[in-house]
Amino acid sequence: MMWAFSSLLLLAAIPATFAVKAHDFKTCSQAGFCRRGRALSTRAAETPAWKSPYSIDASSLVLGTDQASFTAAVKSSIYPDVNFGLDVRIHDDGVVRVRMDEVGGLRKRYDEAASWALLEEPKVSQSIHWTIAKDSVRAKYGPKNDIEVVVAFEPLKVTLSRNGKEQVVLNGRGLLHMEHYRTKESVAQSKQGIPVPEEGLDTDDSQVVLQQAHPRAAWFEGETEDGWWEETFNSFTDNKPRGPESLSLDIDFPNHGHVYGIPQHATRLSLPTTTGEGAYYSDPYRLYNADVFEYLADSTMSLYGSIPFMQAHSADTTVGIFNAIGSETWIDVGRPTPKSTTTHWISETGILDVFIFPGPTPADVFAQYTRLTGTPALPAHWALGYHQCRWNYISSDDVRSVQQRFDEEDIPVDVFWLDIEYAEDHKYFMWDHKSFPDPVSMIKDVEAIERKMVVIVDPHLKRTDDYPVYKEATELDVLVKQKDGQNDYEGWCWSGSSAWVDFFNPKSWDWWKGLFKVNGPSHGWHWTESTENTYIWNDMNEPSIFNGPEISMPRENIHYGGWEHRDLHNINGMLFHNLTSQAVMERTNPPKRPFVLTRSFYAGSQRFGAMWTGDNLGTWEHMAVGVKMVLANNIGGFSFAGSDVGGFFGNPEPEMLVRWYGVGAFAPFFRAHAHIDTKRREPYLLDEPYKSIIRDILRLRYSMLPVWYTAFREASVTGLPVLRPHYVAVPHDEGGFAIDDQYFIGSSGLLVKPVTRKSVTEETVYLPEDQANEVYYDYFSHQAYRGAAKGKNITVPAELHQIPLLIRGGSIIPTRERPRRSSPLMKRDPFTLRIALDKDGSARGELYLDDGETYAHQEGNFIWREFAAEKPTKKSKGVRISNKNLAAQKLAEAVDHVALTTYDSGNDFAKSIAGVRVEKIVVLGLPAKPTSISANGKELQWTYTPGVAASEKKEGTASVLIIKDPKLSIAGDWDIVVQV
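- In the annotation of an unreviewed UniProt entry, the chain is listed under the name Glucosidase II subunit alpha and assigned to Trametes coccinea.
- What UniProt states about the chain under its Subcellular location (unreviewed entry) heading is, verbatim, "Endoplasmic reticulum".
- Under the UniProt heading Pathway (unreviewed entry), the entry covering the chain gives this text: "Glycan metabolism; N-glycan metabolism."

This is the structure we're talking about:
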């Protein structure tokens, strides 16, 4: 395989043995502001009489005209001449926003993080009123008037309580500290007469003493100016002309023993402790988007994305916080008691801008968070199919050959991907015509079977005048600047000497979108060697810079508005993803739903596409932690997530590869990917029985696409995640709060536990606490298992060809069972309904369908059906199965971003699938053999196999009723009566 010479030079710098280079990335002890924050916490813990120096000047408090907001001056006893301003408001949905900023300082602090993350400025409540007391201001509200927010004056403390129990407390431990802007000269003048340490003073290398701090602040800030003005890490020196500017804040959950979220980390879903006695980790969780090569499978290290959103959960309530900060942030998690959690957030720069979500349920918190930052976008239907990728398919003929082999082996696939080697000298958009002489023809060959191509476009632009994208960016002056704010920054990446577009600059937006135009007007160069079915992969957008500090951009680089890179580092990758998503959407008229995969992300990225967990290893440990990471992203509001099937690095053995496909088939985003040095591992290359097992897994995924698409509709409207861990699905069951290796798929009732261990023949599945002892059915064998009042572990078969997959009683699962080569070819295929009766003999389920590509659903072109199975009478042993129009019942919540006022059940899409029928109905758990089954007065054909009834208490193979081809429309109202 031939590479460009530049690729060889770049890859020479990458280690031959795969292991994370931990020394390339900072620990807390190597980051001055994190050391200062942790030292502050230690001093507070060691001082019984510790009291925060921040207080509200009560005389300055001003209520807003809406009465649900107020502003006030905040003073610091250690710096009485420095002014701060507090702004607290309660939104119309009960969310509390707390903002604090330096007022009249030497310069403005970065305050734009929320503007990039939020959909719009939230509306302040018109019905909630603050009451001012002598020592505090408070507001009581909620449907039951059970929520109270108290802002104490001295010291400043914010507490949200429900029914008198504290839920969230800000600055309860007095760790709030906003390092104000200062100069070296002013600091020196304030210490006149104070002895300065002798030159050459012997100090700890990790905490360089520059000079003594202000004596009045020493008890709080410490004795030294640790990393205030300059910091060196490895060979990189970070000059800090603005001096210290970090933000420290303790956010505690006194009555919640579990916290989740703050992705992205390779760790457990219920976040282990980093501080306190018996802490699991020694370093805080770090949020600093970074290209971590071969990351550890159990670590608090920062990875590719950062979402500063955390949920806290107990059997009684769920609450959450969103800390709108764009700079590097470290988060310590402690657990003083099993029922309480402390957190300490330490950020390099920015204002305090915290949103408190009162819950009280997980569903409420998701709704509150996604009303702010947006729900996950409803993806194109085909994007939920299987994606085949590797670094790299080397030519047009290679792509055609791979497609041909998939078809010869009857293995379904929807998308083929091209990594960086398609581009001449890694000049993205520009095809290497030696290997890809006919790119449009190649893509059209893929599209002929209604498949798609995804092509990588990274953010680094090769610095050469024969590259029109770089040339135009230079002429527009939209490139990131060096620390002088004048000269374009130059770094090193796959393209060699590279520049980076500053997407914070509005001038870059229309220009970037114009590049993706296939046809039609564009004010400059545009991508004519593409098609409207070519979609995009955004990698390396942390940004990854091979010769930069921590493999990223120098923090003193300058972005639009004069902001340093350090201020907005974690937001940077989202803007690249956002603009690329808009570009793909707007290249057609009418627009089509974009598909853009991103590696780097921030709060709000869920609005723009999908993400994956980056450069994982082909190990069992990485397979297992990938499940937890995808769950964490779902908790972070970003449902369209997955891990590279097979692992990016390494050559997994066939057993591992089969199990990894079992993991991928039950992830929202399902892609196999591999490093350029790995052996080819497309599924058709495996020997039997492995090839056939993977084919069956892929066909299972395709049969369940209606389930996945329906779950994404719900996520796009409600914000509820597509993958739901136990604490979300069953919030009161303490036995499930820490479970992160099994989960439910949307509201479908499907419970899956992917196998992530070697040589497994059976698995343990936890059935959640259930007073009714509900029944669960094995999806494949129909074995009936019974839940228990206090939760229950069951053992299920898990041979290599088996995936532990259960249907909760009371669920109806719509599937399409006919194997096709790609998902669009299934659009006219009939449906099978699996009805899993619950203990009371009933069940329900949903199906959502639209054209899967456009935004016509927002104009009412879709179907949303409700299937139900109910006893005709209370004492009846029979069942009535119905299909009803759910859209007409719940019109305002049918589709994302639009509250429809009318719905026509005969809309264009509904008409287009009027001939799509139900070809089979499977009913599990019926108590006896039917005597008659009819629809519209017509007897139907059926078979019945006796077995365990849903209403019984015993376990065993359930009874199975199969109704054969009732010839009923999936889009129409009907009833089937099963008489027993």
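Back to the write-up after that little detour.
1. Brief notes about the overall build of the chain
Then comes step 1: What the chain contains, in helices and strands, is 18 helices and 52 strands.
Then comes step 2: Dimensions of the chain along its principal axes, counting C-alpha atoms only, are 100 × 70 × 55 Å.
Then comes step 3: Contacts in the chain between residues far apart in sequence, at least 24 positions, make up 71% of those at least 6 positions apart.
Then comes step 4: In the structure as shown, the chain presents an accessible area of about 34900 Å², 50% of it carried by carbon and sulfur atoms.
Then comes step 5: Considering the chain, the positive charge centre built from 102 side chains and the negative charge centre built from 127 side chains are found 7 Å apart.

2. Comments concerning unusual backbone geometry
With the exception of glycine, most residues fall at negative phi, and the peptide bonds are largely trans.
Then comes step 1: The peptide bond linking Glu154 to Pro155 adopts the cis configuration, its omega dihedral lying at -5 degrees.
Then comes step 2: Following the sequence through the fold, Pro155 ends up in the loop between β7 (147–152) and β8 (157–162).
Then comes step 3: Its identity as a non-glycine residue notwithstanding, Asn145 has a phi of 55 degrees, on the positive side.
Then comes step 4: Relative to the elements of secondary structure, Asn145 occurs in the loop between β6 (136–141) and β7.
Then comes step 5: For Asn163, which is not a glycine, the phi torsion comes out positive at approximately 50 degrees.
Then comes step 6: With respect to the element layout, Asn163 can be found in the loop between β8 and β9 (165–170).

3. Some points on the sheet that holds strand β21 (residues 386–388)
Then comes step 1: Pairing is parallel in the open sheet, where nine strands are placed in the order β30-β29-β28-β27-β23-β22-β21-β32-β31. Looking at the sheet topology across the chains shown, the edges are occupied by β30 (641–642) and β31 (644–645).
Then comes step 2: As paired elements, strand β27 (residues 534–538) and strand β28 (residues 596–598) share three bridges and run parallel to each other. Its bridge partner being in β28, Asn538 is matched across the sheet by Thr598.
Then comes step 3: On top of the sheet, helix α7 (residues 396–408) reaches β21, β22 (415–418) and β23 (452–456); it is set at about 155 degrees to β22, its chief contact.

4. A short note on the packing of helix α13 (residues 654–664) against helix α14 (residues 690–703)
Then comes step 1: Close contact between α13 and α14 brings their axes to 9 Å; oriented N to C, the two are set at 5 degrees. As the angle between them shows, α13 and α14 are arranged roughly parallel. On α14, the residues that touch Pro654, Glu655, Val658, Tyr661, Gly662 and Gly664 of α13 are Tyr690, Ile693, Ile694, Ile697, Leu698 and Arg701.
Then comes step 2: Considered class by class, the residues forming the contact of α13 with α14 number eight nonpolar, two polar and two charged.

5. What about the nonpolar core?
Generally speaking, nonpolar side chains in soluble globular proteins are found buried as a group.
Then comes step 1: Within the largest apolar cluster, 210 residues are counted, with the highest numbers of intra-cluster contacts made by Phe322, Phe429, Trp512, Phe595, Phe666 and Ile976.
Then comes step 2: Here this core gets eight residues from one element, more than from any other, and that element is helix α11 (residues 565–586).
Then comes step 3: Ignoring any residue separated from it by four or fewer positions in sequence, one finds Phe666 in contact with Leu700, Arg701, Met704, Trp708, Leu723, Tyr743, Ile745, Val752, Ile803 and Leu805.
Then comes step 4: Among the nonpolar cores identified, the runner-up in size contains 61 residues, and Ala44, Val98, Leu175 and Met178 belong to it.

6. Details of the side chain of Arg701
Then comes step 1: Structurally, Arg701 can be placed in helix α14.
Then comes step 2: At 2.9 Å, the side chain of Arg701 and the backbone oxygen of Ala665 are in polar contact.
Then comes step 3: The contacts of Arg701, once residues within four sequence positions are left out, are Leu384, Gly664, Ala665, Phe666, Ala667, Pro668, Phe670 and Trp708.

7. Let's talk about the packing of aromatic side chains
Then comes step 1: For the coordinates displayed, the defined rule picks out 56 aromatic pairs.
Then comes step 2: With centroids separated by 5.8 Å and ring planes inclined at 75 degrees, the aromatic side chains of Phe322 and Tyr369 adopt a geometry described as edge-to-face. One end of the pair, Phe322, is in strand β17 (residues 318–323); the other, Tyr369, is in helix α6 (residues 362–373), and 47 residues separate them in sequence.
Then comes step 3: For Tyr369, a relative accessible area of 0% gives the class buried.
Then comes step 4: Between Phe640 and Phe712, the ring centres sit 5.2 Å apart and the planes meet at 70 degrees, which makes this aromatic pair edge-to-face. Of the two residues, Phe640 sits in the loop between α12 (620–635) and β30 while Phe712 sits in helix α15 (residues 705–718), which places them 72 residues apart along the sequence. For the residue pair Phe640 and Phe712, the accessibility class agrees, reading buried in each case.
Then comes step 5: An aromatic cluster of three or more residues is present, and its members are Trp382, Trp417, Tyr535, Trp537, Phe595, Trp612, Phe640, Phe669 and Phe712.

8. Quick word on the environment of Val168
Then comes step 1: Relative to the helices and strands, Val168 resides in strand β9.
Then comes step 2: A residue is classified by how much of its surface remains accessible, and Val168, at 0% relative accessible area, is buried.
Then comes step 3: Separated by 188 residues in sequence, Val168 and Ile356 have C-alpha atoms that sit 7.7 Å apart.

9. Some thoughts on the state of the cysteines
Then comes step 1: Scanning all chains against the criterion turns up one disulfide.
Then comes step 2: Residue pairing for Cys28: its cysteine sulfur links by disulfide to Cys34, the two sulfurs lying 2.1 Å apart. Judged by the sign of its S-S torsion, about -100 degrees, the cystine formed by Cys28 and Cys34 is left-handed. Here Cys28 and Cys34 have matching classes, each one buried.
Then comes step 3: Cys389 forms no disulfide, and the closest cysteine sulfur to it belongs to Cys493, at a distance of 17 Å.
Then comes step 4: You can call Cys389 buried: its relative accessible area is 2%.
Then comes step 5: A residue is classified by how much of its surface remains accessible, and Cys493, at 0% relative accessible area, is buried.

10. Overview of the environment of Pro824
Then comes step 1: Examined against the element boundaries, Pro824 turns out to sit in the loop between β41 (811–815) and β42 (831–836).
Then comes step 2: A sequence separation of 153 residues divides Pro824 from Arg671, and the C-alpha atoms of the two residues are 18 Å apart.

11. Some remarks on the pairing of strand β40 (residues 805–808)
Then comes step 1: Note: strand β35 (residues 750–752) against β40, three bridges, orientation antiparallel. Within the sheet, the bridge partner assigned to Leu750 lies in β40 and is Ile807.
Then comes step 2: Pairing geometry for strand β37 (residues 775–778) and β40, over three bridges, is antiparallel. Paired with Tyr777 across the bridge in β40 is Ile807.

12. Some thoughts on α14
Then comes step 1: Its 14 residues place the ends of α14 20 Å apart at the C-alpha level, agreeing with the 20 Å of an ideal helix rising 1.5 Å per residue.
Then comes step 2: Residues of α14 that are buried include every one of Lys691, Ile693, Ile694, Arg695, Ile697, Leu698, Leu700, Arg701, Tyr702 and Ser703, and no others.
Then comes step 3: Check the buried side of α14 and you find it contacts β21, α13, β32 (670–672), α15 and β41.

13. So, the sheet that holds strand β26 (residues 496–500)
Then comes step 1: The three strands lie next to each other as β24-β26-β25, forming an open sheet whose pairing is antiparallel. With partners counted over all chains shown, the strands left at the sheet margins are β24 (460–462) and β25 (491–493), one partner each. When strand polarity is set aside, the average angle formed by the axes of neighbouring strands in this sheet is 60 degrees.
Then comes step 2: The pairing of β25 with β26 spans three bridges and is classified as antiparallel. Directly across from Cys493, in β26, lies its bridge partner Gly496.

14. What to know about the pairing of strand β44 (residues 863–870)
Then comes step 1: Counted residue by residue, β44 has seven buried out of eight residues, so it is predominantly covered.
Then comes step 2: Bridge analysis of strand β43 (residues 843–849) against β44 gives seven bridges, and the strand direction is antiparallel. Looking across to β44, one finds that Leu849 is bridged to Ile863.
Then comes step 3: The pairing of β44 with strand β45 (residues 879–885) spans six bridges and is classified as antiparallel. Within β45, the residue paired with Phe867 across the bridge is Asn883.

15. Some words on the domain arrangement of the chain
Then comes step 1: When its domains are assigned, the chain resolves into domain 1 (1–181 + 245–373), domain 2 (184–238), domain 3 (381–536 + 547–718) and domain 4 (830–980).
Then comes step 2: Between the C-alpha centres of domain 2 and domain 3 there is a distance of 45 Å.
Then comes step 3: Contact residues are listed per partner, giving four residues for domain 2 and seven residues for domain 3.
Then comes step 4: Taken over both partners, the interface formed by domain 2 and domain 3 buries close to 370 Å², and the fraction arising from carbon and sulfur atoms is 55%.
Then comes step 5: It is Phe233, Phe236 and Asp238 that lose the most area in domain 2 upon contact with domain 3, and together they represent 94% of the buried surface on that side.
Then comes step 6: Between Arg566 and Asp238 there is a salt bridge; the shortest N-O distance is 2.8 Å.
Then comes step 7: Between domain 2 and domain 3 we count one residue pair in polar contact (both at pLDDT 80 or more) in total.
Then comes step 8: Per-element tally for the side of domain 2 that touches domain 3: the top contributor is strand β12 (residues 236–239), with three residues.

Parameters at a glance
Residues numbered from 1 in each chain as written. Predicted model: local features only at pLDDT ≥ 70, side-chain atom pairs only at ≥ 80, totals over all residues. Heavy atoms only, no water. UniProt positions renumbered as here; feature names shortened; annotations may be inferred. Helix = DSSP H or I, 4+ residues; strand = E, 2+ residues; numbered from the N terminus. Contact = heavy atoms within 4.5 Å. Areas by Shrake-Rupley, 256 points an atom, 1.4 Å probe, with all protein chains shown as cover. Lys, Arg positive; Asp, Glu negative; His and termini not counted. Charge placed at Lys NZ, Arg CZ, Asp CG, Glu CD. Pairing = 2+ DSSP bridges. Axes fitted to C-alpha atoms, helices over the stretch in contact; angles between N-to-C directions. Parallel < 35°, antiparallel > 145°, perpendicular 65-115°, else oblique. Nonpolar A, V, L, I, M, F, W, Y, C, P; charged D, E, K, R; others polar. Core = buried A, V, L, I, M, F, W, Y, C linked by side-chain atoms within 4.5 Å. Buried < 20%, exposed > 50% of the residue type's maximum accessible area, 1.4 Å probe, protein only. Polar contact = N/O pair within 3.5 Å; in protein donor to acceptor, adjacent residues only side chain to side chain. Phe/Tyr/Trp six-rings, centres within 6.5 Å; stacked < 30°, edge-to-face > 60°. Disulfide = S-S within 2.5 Å. Expected span 1.5 Å × (residues − 1). Domains from an automatic or database assignment. Buried area = accessible area lost by both parts, 1.4 Å probe. Salt bridge = Lys/Arg side-chain N within 4 Å of Asp/Glu carboxyl O.

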